[in-house]
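# Overview (structure and organization)
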Amino acid sequence: MLLIGAVWYALHSASLREAASIRSGPSAVAPHPFTAARPSSIESKRGALNGDNKEIEDRETVVCGVGAVQLDPKDKAAPFNYVDRLTGIAQSHWRRSLLNGDDYHERAAGLLLQSTGWDYDPITGMPTRTHDAELARDELVQLTAGLNDLPVYAMAIRACDPADDGGVRGAACNQISLAKWADMDPDNAAPWLEMAAAAHFRSDQAAELDAVSHAAQAHTVDFYNDSFLAYASAGMPSETTALQRAAFFQSRIGHVGGDGYAHSFVTSKYCTAATVQNSSIHQQCEALAELLADHGRNTLDVSAAATIGTRLGWASERVTAMREEVLAMFRAETYSGRDPWSCDNVRALTEFAGVQARSGELAAARAAIQKSGKSIPELAQEQLDSLRD
């Protein structure tokens, strides 16, 4: 069984992202959530409520709990726009429930969601937050400052990404820092790699080398992106339907929550084919690659490990197996069949999100691969074939 979650990738030039991440390392930044044009015509009618109906016209798709829905056949985004509108009020209610909850984890998830509201500055052309998003970001920082909670701290760090503020860091964000995260979580390579990437950007070589040295000695790597799924799930209103739940999660599974800056830094700036010729850098990159391969939680981790491993001279069989598994994972995160919102796909997506919330994207994708009944080579080949279409 395949999942609908990575349709967001497919509709957002997934073939380019996947090919790049598998063959040359992950992209620097995950793109903003997909916002497609509205379909030109939508006509809903009651029909089969479960599974696929093979007699449905080519212009129709089955939506779980709704039935057959007639959409513009030329608009691949039409089913997702339709479900987004259909579930929009419920998703807003879910977000409000998170914001108004008594549990600070749930509130942090709601604030992180609200902090991502953005637009483009018409003068600079740079992305910038809406006023409500700025308020949510600042409130999340205030919440974080009074806690000693690693996942929530990482959420606030993510919310303070200056790329979402026209390149200028919000004033409230000065209360938190990557250095503080690393101090709280010293055996986690994630904050150290983020620090190294930031130091490289500002041309602070001493700080970059120091941060990489710490990262290479770490024993875990966790950017805490999966915690959002866990907190949001816990705050789900009791009346939420299966379709509404799946619609909420569909653009939030996989590694969408991660920005990929650290992975891009380590593959394209630090552990390059040239730099690993230096014995000390070779040793550090070896440690980082092994850590990402053995303890990573998402596909960016494995892709980065494969890229670095190739430069370090790892056995071709090992690297090929890693790349093949990532391709299979991308395939396992893609919806099955012609009806992306069928009840089978809705159940699969919800199950994927639950596993990812508990154990990370890799665990969820591997479980989906096993459940598909297909081998990794079969799924990898299907993914390659889909990229050629």
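Computed from a predicted model, the values in this text were never measured in an experiment.

## Details of the packing of aromatic side chains
Evaluated as defined, the whole model comprises 6 aromatic pairs. Geometrically, the ring pair formed by Phe248 and Phe249 is edge-to-face, given 5.5 Å between the ring centres and 80 degrees between the ring planes. According to the relative accessible area criterion, Phe248 is buried, its value standing at 0%. A relative accessible area of 3% means that Phe249 is categorised as buried. Aromatic pair Phe265 and Tyr270: ring centres 5.9 Å apart, planes at 40 degrees, arrangement tilted. For Tyr270, a relative accessible area of 5% puts it in the buried group. Taken together, the ring pairs in this structure connect Trp94, Phe248 and Phe249 into an aromatic cluster. The ring of Phe248 has Arg252 sitting right over it, with the charged end atom 4.5 Å from the ring centre. Sitting over the ring of Trp314, Arg318 keeps its end group 3.8 Å from the ring centre.

## Examining the state of the cysteines
One way to say it: the disulfide is the covalent bond shared by the sulfur atoms of two cysteines. Going through the model one piece at a time under the given rule, you end up with 3 disulfides. Paired through a disulfide, Cys271 and Cys285 show a sulfur-sulfur distance of 2.0 Å. An S-S torsion of about -95 degrees defines the bridge between Cys271 and Cys285 as left-handed. Taken together, the residues span a long stretch of sequence, with Cys271 in the loop between helix 12 (261-270) and helix 13 (279-295) and Cys285 in helix 13 at a distance of 14 residues. In this pair, the class of Cys271 matches that of Cys285, namely buried. The disulfide pattern of the protein chain is 1-6, 2-3, 4-5 when the bonded cysteines are numbered in sequence order.

## A closer look at the packing of helix 16 (residues 343-359) against helix 17 (residues 361-372)
The geometry of helix 16 relative to helix 17 is characterised by a closest axis approach of 7 Å and an angle of 140 degrees between their N-to-C directions. Comparing the axis directions of helix 16 and helix 17 gives the class oblique. At the point where helix 16 passes helix 17, the crossing takes the right-handed sense. Of the residues in helix 17, those in contact with Glu351, Phe352, Val355, Gln356 and Ser359 of helix 16 are Glu361, Ala363, Ala364, Ala365, Ala368 and Lys371. By residue class, the composition of the contact of helix 16 with helix 17 is 6 nonpolar, 2 polar and 3 charged.

Analysis parameters
- Residues numbered from 1 in each chain as written.
- Predicted model: local features only at pLDDT ≥ 70, side-chain atom pairs only at ≥ 80, totals over all residues.
- Heavy atoms only, no water.
- Phe/Tyr/Trp six-rings, centres within 6.5 Å; stacked < 30°, edge-to-face > 60°.
- Buried < 20%, exposed > 50% of the residue type's maximum accessible area, 1.4 Å probe, protein only.
- Lys NZ or Arg CZ within 6 Å of the ring centre and 35° of its normal.
- Disulfide = S-S within 2.5 Å.
- Helix = DSSP H or I, 4+ residues; strand = E, 2+ residues; numbered from the N terminus.
- Axes fitted to C-alpha atoms, helices over the stretch in contact; angles between N-to-C directions.
- Parallel < 35°, antiparallel > 145°, perpendicular 65-115°, else oblique.
- Left-handed = near helix turned anticlockwise from the far one by under 90°.
- Contact = heavy atoms within 4.5 Å.
- Nonpolar A, V, L, I, M, F, W, Y, C, P; charged D, E, K, R; others polar.

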